[in-house]
Amino acid sequence: LSADVKRIREALTEEVDPSAHGVFIVACSARDVFALLPVGLPLETSHSLGPTPALRELAQAIDDHPPYAILHADQREASLTFVSQGVALSELGLSERGNPHGTDEGQWSVQRHQRRADEQVEAFARHVAEQTRVALDEAGIHRLVVAADEPVASALHQEFHQTVKDRVIANTHIQGVASVPAQIAETMPLVEQHEREREAQTVQQIEDNRGPGGTAVAGPEDVVAALLASQVMTLVINDDFAGPGWADFERSLVGAGDVPAEHPYGGDAAALVPVQLEQELIRLALQQDASLEIVATQVPVSSDELDHVPAAGQDRPRSGAAIQLDALEGVGAILRFTLSGDQATANL
C-alpha cells in the first residue's frame, strides 16, 4: 500500500493532463498494476481499498454524460460537433450552400425567387442530412441534438434518414453565432434530461417484466444470480444503492449479504471475502459487456428551493425513477432472453 500511495502521488504531479477535470486510478504494486484514466468530468474525491477496482463513481460519470453530437445549422452553413464528457472532441464543417441573393430582381417574380430560395434550403438540408448520417455512423454516436432555426430545422427533419431521426434526442434554438463551449453549455441540460427519461423508462420496463416468464429481475439476490448466469443485458442500479456482499474470486462467485459461515457452493469458507455489493454488481456487468443504467436519485434544484433554501441536513427529494426502483430493493436487470414460465430468476 505504501508503494501504491507513492506511485499515485507521483502520477498526480507528473502524469495527469492539465486539461483533465478528474482522474481515476487503479493501483496494485504487488501485481504490477497501475492504470491512470484522465476524464473530462469532475469526480468526487474518494478512495477505496479492496480486492477489485471500485468502478461505480467512474461508471456513473460516464453514464450521466454519454457521447453526443450537436448539429448547428442556419440557412447558410452547418457544423457537427462531437461531445464527450462535456468536452468537444471534434468539429466538422458540413457544407455551405450557394447564396440565394445577388439575383437580378428584374428577371424574377417574387414567387419564383421564393421558390428558388426554398429549393436551395431543401438541397442544403439534403446534403447536410446525408453528411450527418455518415459522420454519426463513422463515429458510433447514438445521440444527436439539432440546433437550427426555421425553415432549415423542418427541412433537415424531412431529409434525415430514419437512422438519424432515431438518434435525435432534442431540438433547440441557439441564438446567433455560438462558440462550441456555448453550444455545449446550451445542450448538456437537454442530454441530461434525456438520460433521466431513459432511466425512468428502463425502471418501468423492469417493473412491467419481472417475474416468471419475464425478461427482467429485481432485488440483489436475483440480480446476482442473473449476472453469474451471464443473463444480464442491462444492469439498473440507484446511484446510492449499497449493501454487503461476499466473493470467492478463485471460483468467480459473488453473493448478496454478509459473508456466510459455510461456503454456499461447497468450497473453502476461508476463500470468502467481504465486498461492496454495488461495486461487484457493476464489475460483473462490465465483464459481460452488459450496459449500465445508473439511476440519478436526486432531482434538480427547483425554483422554489432557490427562494426558500431547505434547512441544513434535510433530505433532498428523490426522483420518481429512484423511488420506483427503491420498491424493487434498489437494483434490477433486463435479461438477454426470456425466463421460462416457472422460472422467477436465473437458473445456476
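So, how was this worked out
- Residues numbered from 1 in each chain as written.
- Predicted model: local features only at pLDDT ≥ 70, side-chain atom pairs only at ≥ 80, totals over all residues.
- Heavy atoms only, no water.
- Pairing = 2+ DSSP bridges.
- Helix = DSSP H or I, 4+ residues; strand = E, 2+ residues; numbered from the N terminus.
- Axes fitted to C-alpha atoms, helices over the stretch in contact; angles between N-to-C directions.
- Contact = heavy atoms within 4.5 Å.
- 1 Å grid on protein atoms, 1.4 Å probe; cavity = no way out; pocket = protein on both sides within 12 Å on 5 of 7 lines; lining within 4 Å.
- Points joined across faces, edges and corners; volume = space filled by probe spheres on them.
- Nonpolar A, V, L, I, M, F, W, Y, C, P; charged D, E, K, R; others polar.
- Salt bridge = Lys/Arg side-chain N within 4 Å of Asp/Glu carboxyl O.
- Buried < 20%, exposed > 50% of the residue type's maximum accessible area, 1.4 Å probe, protein only.

Undergrad: How would you sum up the sheet that holds strand S10 (residues 244-248)? Please name residues and give values.
TA: Spatial strand order, S11-S10-S12: three strands in an open sheet with antiparallel pairing. The sheet is open, and its two borders are formed by strand S11 (253-256) and strand S12 (273-276), each paired with just one other strand. For this sheet the average axis-to-axis angle between neighbouring strands, irrespective of direction, equals 35°. As paired elements, S10 and S12 share four bridges and run antiparallel to each other. Within the sheet, the bridge partner assigned to Trp246 lies in S12 and is Pro274. Most of the contacts of helix H8 (residues 277-287) go to S12, to which it runs at about 80°, and overall it touches S10, S11 and S12.

Undergrad: Which residues make up empty space enclosed by the protein, and what values do they have?
TA: Tallying each qualifying case throughout the model produces one cavity of 30 Å³ or more. Taken together, Asp64, His65, Pro66, Tyr68, Val83, Ser84, Gln85, Gly86, Met188, Val191 and Glu192 make up the lining of the largest cavity. If you list the elements that add at least two residues to the lining of the largest cavity, you get strand S4 (77-84) and helix H6 (180-209). The element contributing the most residues to the lining of the largest cavity is H6, with three residues. Residues of the lining of the largest cavity, tallied by class, amount to five nonpolar, four polar and two charged.

Undergrad: Residue-level account of the pattern of salt bridges, with values.
TA: For the coordinates displayed, the defined rule picks out 14 salt bridges. With a closest N to O distance of 2.7 Å, Arg196 and Glu199 form a salt bridge. In this pair, Arg196 and Glu199 are both assigned in helix H6, three residues apart and thus about one turn of the helix distant. With a relative accessible area of 30%, Arg196 lands in the partly exposed category. A relative accessible area of 2% means that Glu199 is categorised as buried. Close ionic contact of Arg210 with Glu207 constitutes a salt bridge, the shortest N to O distance being 3.9 Å.

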